Amino acid sequence: SALHPSQRQNTIIMDEIQRIVARLNQPPFSKNLRLVDFDEKSPAELLQLLNDIFTSMDSTMKGDVRDEEDVVRASRMGNFLQMLKCPLLPQDEDRRTRFTEEFGMGSKNVVYPVFHWALTNYEKLCKRAYLGKYLVRIEPPQEFMQDDTLGDLVERYKELQVEFKGTHQTFDSNKATMSRPGAELRAEIQQLEDERRQLQDRIEKLKSNTRNEIAFPAMLAATSSMRQEQDEEVRLQEKMREQRHLLDIAEQRFQETQRRLSALKGSATGGHSAEAILKELQKDVQETAKVIRGDMAGERNKLQDTIARLERQRLEPNRTIEDVERMRAQVRQLERQKDEMRETVEKAMSSRGDNKLGMFRQHANMAAAKLMQKEEEVESRLKDLTAVRGEVDELEAKVNDIAAAAGGGMVGPNGRQMTREEFKEYGAQLREKSHKYKLQKTALAGLRAESVVLHRTEQILKGRDRNLEEFLTQQEAKAGVSGYRDAQSKLEMASEQTAEMDDMKGQTLDEISEIVKKINGQLEEKKTKLKPLIKELKEVRKEYQECEQDYLDKKQRYDSVAVGLATERSMLEGECDELQDECLQEESRYHYLNCLSQIASIGLEKVQQEEKWTAGHGRLLPEFANHQELYQNKINQQESLSKQLRKQQKKIKENEGGNMYQRSLYADLHRLLSAKVKSRLGGNNNGNILGISGQLTADTMDFGTAQVVRID
């Protein structure tokens, strides 16, 4: 049975809610919501969640909706939806106002569709939010547009918007047509991996060799500082060369400026005519053409190509090994699909007996080759056109400079000198004013013809009524416009003066138009002269491209050979290091065994000498025949000394009690005498005790374990 419309509507809403919750549980939101949790949220929570989604699109939307009033919040979020071109916003003003009020209150009937639309088109809306900030149209009221400054700002704003659109479209096209990495990228990745392994091996060897060296950190710090100073020295030398180069260029420009200044001064003081100045200008143009035929054009093209190549490389994303393998798998899969489709088409064509596919492919390849050739020609023509426009601008700048130096230059309406761009703008304004002047002149001619008729009518009326002046005066008084005819006469005089000024301005415009025509004629002549030079430049450019392609091929072969040689060299270095370590170990073992052999030989010599001395052939010392007698004598001396020390120790132990008692008596005596001395000194500083003046001192002497006190 068919569903009721209300049931169908509820089913659609439930599907939308499920999609909303599923999208909110995915990155970048990751809310971990359930259908029940989402359905139980309050209007403020729903608006806050929707504001969080808008914040992820544009960071300026960040905020807490509870801190805003309903009107402010609805206006802010409504403007954001309008910038995103939300199709849910009604076109009718009343309906839009009602929609905004319900949206500000958080009504689910309004908020849920906005949720569904924003989450369904999230990626596209993120891009639109980014672009919308810069492409918002500003339409000031017409009464404010009368201000020239505001009008210029609005026009400049629109020009920047157009420039931003073109730049963004170029970026999108470059991003879409970005070439995939090929053999060159794989070779570069392999080379970098080999270099990384080599560096790791070298670092491990250096660590193992310097692990036991104590002074290595200090040496490492010294070498690092020395390396930094060397880099700084190289950088300063490079900077010095650049500064010298700039100094040479500045000196050349200064000399050229001085030469031109002296020539202009000579032409000004010598009263040269316009033809002489024009000849000097032609001479400067010829010199400029020589410079253009030189290295400047080639260097400029080379720099432009380099900048374009670097820009393309900068826009390419960083690729990992996994990306490369995935792309290789995609390429293999596409190649298999292509082969299968080709086989299917060939089988179908052969079954039909009509095998014209080869001919069609040949035609298609020829058309593609012609298309590529035409595109290259168009690109070269565009580059030539850009170069010619640059040369035209330079020639116009030179003409303006020479005209300014010779005859005072172009003077603006306010009496100041004008640049080339200002002169162009002034010329455009003059052309516009000239057009307006011609229109007004035509209208003025009609008005003058009409004034003639009116003047004749006036004369006829004056002939009919002699007292016309009095009559007109009375009529003016009755109408309350006394003095109208005097004011009318003054206005007519002012209009006549204005017409004379307009005539003078028209003559000035005509003269300026003639000057502009002459300059354009000269520029056309220069363009004609530069055509053969541009043709030569194209040929040289082709040769340069061929040489560059040859250079790139040879460089690629060189890089591949260099990588192989570097790998082989690293392997040989590893083998050499292992053999050198083995050699050092064997050398150390040799020195160790040699030292042991020398020690053993010296000991053997001592034993042989001792045997000779023992047999009676010679003596070690006059008192001792050999080492045995010498060591036996020393043993006897030590034994006798130890016996004496034992006897002394025994004697001290026997007298220890008496000595300790005597020491205690002397200590008491010392304390008694010290107390008496202190008491006597308290009554008489110069007194003495028992006829003994001075101060008593006691020294303690150590005799073995007993300590003896001596009183001085």
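Residues numbered from 1 in each chain as written. Predicted model: local features only at pLDDT ≥ 70, side-chain atom pairs only at ≥ 80, totals over all residues. Heavy atoms only, no water.

1. Some details on the overall build of the protein
Check the secondary structure of the protein and you find 18 helices and two strands. Within the protein, the proportion of its 712 residues that are buried is 17%. If you take every contact in the protein between residues at least 6 apart in sequence, the share linking residues at least 24 apart comes to 57%. Carbon together with sulfur atoms contributes 55% to the accessible area of the protein, which is approximately 55500 Å² in total. (Helix = DSSP H or I, 4+ residues; strand = E, 2+ residues; numbered from the N terminus. Buried < 20%, exposed > 50% of the residue type's maximum accessible area, 1.4 Å probe, protein only. Contact = heavy atoms within 4.5 Å. Areas by Shrake-Rupley, 256 points an atom, 1.4 Å probe, with all protein chains shown as cover.)

2. So, the pattern of salt bridges
A complete count under the given rule lists 17 salt bridges for this structure. One salt bridge connects Glu123 with Arg23, and the closest N-O pair in it is separated by 3.6 Å. Here the residue Glu123 occupies a position in helix α7 (residues 122-132), and Arg23 occupies one in helix α1 (residues 5-24), the gap between them amounting to 100 residues. Across the pair Arg76 and Glu68 runs a salt bridge whose closest N-O atoms are separated by 2.9 Å. On the basis of relative accessibility, which here comes to 21%, the residue Arg76 falls in the partly exposed class. Members of the salt-bridge network, linked through shared partners, are Arg202, Arg569 and Glu573. (Salt bridge = Lys/Arg side-chain N within 4 Å of Asp/Glu carboxyl O.)

3. Regarding helix α5 (residues 93-105)
Spanning 13 residues, α5 covers 19 Å between terminal C-alpha atoms, matching the ideal 18 Å at 1.5 Å per step. All of the buried residues along α5 are Phe99, Phe103 and Gly104. The buried residues of α5 occupy an angular sector of 130° when projected down its axis, which confines them to one face. Among the exposed residues of α5, those pointing more than 90 degrees away from its buried face are Asp94 and Met105. In the segment just after α5, Gly106 is the residue with positive phi, at about 80°. (Expected span 1.5 Å × (residues − 1). Arc of directions from axis to C-beta.)

4. Observations regarding the packing of helix α4 (residues 70-83) against α5
Packed helices, taken two at a time, are described by their axes: the angle between them and the distance between them. Orientation of α4 relative to α5, taken along the N-to-C sense of each, is 115°, at an axis distance of 9 Å. Of the two elements, α4 crosses α5, and the hand of that crossing is right-handed. Contacts between α4 and α5 involve Asp70, Arg73, Ala74, Met77, Leu81 and Gln82 on the former and, on the latter, Arg96, Thr100, Phe103 and Gly104. For the contact of α4 with α5, the class distribution of residues is four nonpolar, three polar and three charged. (Axes fitted to C-alpha atoms, helices over the stretch in contact; angles between N-to-C directions. Left-handed = near helix turned anticlockwise from the far one by under 90°. Nonpolar A, V, L, I, M, F, W, Y, C, P; charged D, E, K, R; others polar.)

5. Observations regarding the side chain of Gln161
Within the secondary structure layout, Gln161 lies in helix α8 (residues 148-176). Setting aside residues up to four positions removed in sequence, Gln161 forms contacts with Tyr134, Leu135, Val136 and Arg137.

6. Let's talk about the nonpolar core
If you look at the biggest cluster of nonpolar residues, it comprises 35 residues, and the most contacted ones within it are Leu24, Phe38, Leu50, Ile53, Phe54, Met57 and Phe115. When residues of this core are traced back to their parent elements, those giving at least two are α1, α3 (43-57), α4, α5, α6 (108-120) and α7. Residue contacts for Phe115: discarding those within four places in its chain leaves Ile20, Phe38, Leu46, Leu49, Leu50 and Ile53. (Core = buried A, V, L, I, M, F, W, Y, C linked by side-chain atoms within 4.5 Å.)

7. Some points on a nonpolar patch on the surface
A grouping of Tyr592, Leu593, Leu596 and Ile599 is seen on the molecular surface, where their side chains present a nonpolar patch of about 420 Å² in accessible area. Note that Leu593 resides in helix α16 (residues 484-614). Assessed through its relative accessible area of 42%, Leu593 is described here as partly exposed. (Patch = residues over 30% accessible without salt bridge, like charges linked within 9 Å, V, L, I, M, F, W, Y side chains within 5 Å.)

8. Focus on the packing of α3 against α7
Packing of α3 against α7 brings their axes to within 8 Å, and their N-to-C directions diverge by 60°. By the angle between their axes, α3 is oblique relative to α7. Contacts from Ile53, Ser56 and Met57 of α3 reach α7 at Tyr122, Leu125, Cys126 and Ala129. Looking at the contact of α3 with α7 residue by residue, the class counts come to six nonpolar, one polar and no charged. (Parallel < 35°, antiparallel > 145°, perpendicular 65-115°, else oblique.)

9. Here's the deal with the confidence of the model for the protein
Confidence along the protein averages 76 in pLDDT terms, with 76% of residues attaining 70 or more. Averaged over each element, pLDDT in the protein is lowest for strand β1 (residues 698-703) (47) and highest for helix α17 (residues 627-654) (90). Across residues 408-413, confidence stays below pLDDT 50; counting only partners more than four residues off in sequence or on other chains, it has 16 contacts. In the predicted structure, residues 686-709 sits below a pLDDT of 50 and forms 42 contacts with residues beyond four places in sequence or in another chain. (pLDDT = per-residue confidence, 0-100.)

10. Regarding the packing of aromatic side chains
Evaluation of the coordinates by the stated rule reveals six aromatic pairs. Ring centres of Phe38 and Tyr112 lie 5.4 Å apart, and the angle between their planes is 25°; this geometry places the pair in the stacked category. One end of the pair, Phe38, is in helix α2 (residues 35-39); the other, Tyr112, is in helix α6, and 74 residues separate them in sequence. Ring geometry for Phe54 and Phe80: centres 4.9 Å apart, planes at 45°, overall tilted. Of this pair, Phe54 sits in helix α3 while Phe80 is found in helix α4, placing the two residues 26 residues apart along the sequence. Taking the relative accessible area as the measure of exposure, Phe54 reaches 0% and is therefore buried. Judged by its relative accessible area of 4%, Phe80 is buried. Counting every residue linked through ring pairs, the aromatic cluster contains Phe38, Tyr112 and Phe115. The positively charged end of Arg23 is found above the aromatic ring belonging to Tyr122, 5.4 Å away from the centroid. (Phe/Tyr/Trp six-rings, centres within 6.5 Å; stacked < 30°, edge-to-face > 60°. Lys NZ or Arg CZ within 6 Å of the ring centre and 35° of its normal.)

11. Considering unusual backbone geometry
A cis amide bond links Pro27 to the next residue, Pro28, at an omega of 5°. Its identity as a non-glycine residue notwithstanding, Ser30 has a phi of 50°, on the positive side. As for its placement among the helices and strands, Ser30 is situated in the loop between α1 and α2. Residues other than glycine seldom take positive phi values, yet Lys85 does so here, at roughly 60°. Structurally, Lys85 is set in the loop between α4 and α5.

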